[in-house]
Amino acid sequence: MATDDYHYNETVLTHIAEPHNIGEIGDADGIGTGTNPVCGDEVSLYLKFEGDTVSDAKMKVLGCGAITAAMSSVTDLVRGKTANELRELTHEEITASLGGLPKHKRHCAQLAQRVVRNALEGRG
């Protein structure tokens, strides 16, 4: 079996060790939450828009390293994007932004994608 089927690459490890944009945005325009009932991961994403584009993004995570890395990367990916661009964001793009995830952890990118869409639905 390939090593990357079980191990995290350097990009993922960096996001795990030093996750980006942890916290909440008190006056967020959109808040998305999600859970994975199988593993227990719980995540929240807070989006602030300036006009049509995301000006700030923060996240809270209670879960494994892979979901922490995926959500950390998402907070970077969404900045400067419009709601329409966020609706088109795929879990494959999230995985690619991390340089890949082990197969058994790719569901974390899918959860991150769902949380982005949930945040758009909650946009007031």
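The text that follows walks through the structure, step by step, so that each part is easy to find. (Residues numbered from 1 in each chain as written. Predicted model: local features only at pLDDT ≥ 70, side-chain atom pairs only at ≥ 80, totals over all residues. Heavy atoms only, no water.)

1. Comments concerning the side chain of Gln113
With respect to the helices and strands, the residue Gln113 is situated in helix H5 (residues 107–121). With a relative accessible area of 11%, Gln113 lands in the buried category. Once you skip the residues sitting within four places of it in the chain, Gln113 turns out to touch Leu89, Thr90, His91 and Ile94. (Helix = DSSP H or I, 4+ residues; strand = E, 2+ residues; numbered from the N terminus. Buried < 20%, exposed > 50% of the residue type's maximum accessible area, 1.4 Å probe, protein only. Contact = heavy atoms within 4.5 Å.)

2. Looking at the sheet that holds strand E3 (residues 53–62)
What the three strands build is an open sheet, ordered E1-E2-E3; its pairing is antiparallel. Among the strands making up the open sheet, the edge pair consists of strand E1 (30–35) and E3. Taken pair by pair, the neighbouring strands of this sheet meet at an average axis angle of 15°, ignoring direction. In terms of strand pairing, E1 meets strand E2 (residues 42–50) through six bridges, oriented antiparallel. Note on E2: the bridge partner recorded for Gly30 is Leu47. Along the sheet face, helix H2 (residues 65–77) touches E2 and E3 and points at about 165° away from the line of E3. Along the sheet, H5 makes contact with E1 and E2, crossing E1 at roughly 145°. (Pairing = 2+ DSSP bridges. Axes fitted to C-alpha atoms, helices over the stretch in contact; angles between N-to-C directions.)

3. A word on the environment of Cys39
Its place among the elements puts Cys39 in the loop between E1 and E2. Cys39 sits 37 residues away from Asp76 along the chain, and the two C-alpha atoms are 25 Å apart.

4. Quick word on a negative patch on the surface
Where like charges cluster on the molecular surface, the negative patch consists of Glu85, Glu88, Glu92 and Glu93. By the element assignment, Glu88 lies in the loop between helix H3 (83–87) and helix H4 (91–97). Judged by its relative accessible area of 61%, Glu88 is exposed. (Patch = residues over 30% accessible without salt bridge, like charges linked within 9 Å, V, L, I, M, F, W, Y side chains within 5 Å. Areas by Shrake-Rupley, 256 points an atom, 1.4 Å probe, with all protein chains shown as cover. Salt bridge = Lys/Arg side-chain N within 4 Å of Asp/Glu carboxyl O. Lys, Arg positive; Asp, Glu negative; His and termini not counted. Charge placed at Lys NZ, Arg CZ, Asp CG, Glu CD.)

5. Focus: the pairing of E2
Within a regular strand, the side chains alternate between the two sheet faces. Hairpin geometry of E1 and E2 is characterised by an intervening segment of six residues between the two adjacent antiparallel strands and by a positive phi of about 90° at Gly40. Pairing between E2 and E3: nine bridges, direction antiparallel. Bridging across to E3, Tyr46 finds its partner in Lys58.

6. Here we look at the environment of Gly32
Within the secondary structure, Gly32 sits in strand E1. Look at Gly32 and you get buried, because its relative accessible area is 0%. For the pair formed by Gly32 and Tyr46, sequence separation is 14 residues and the distance between their alpha carbons is 6.6 Å. With residues near it in sequence (within four places) discarded, Gly32 still touches Val43, Ser44, Leu45, Val115, Asn118 and Ala119.

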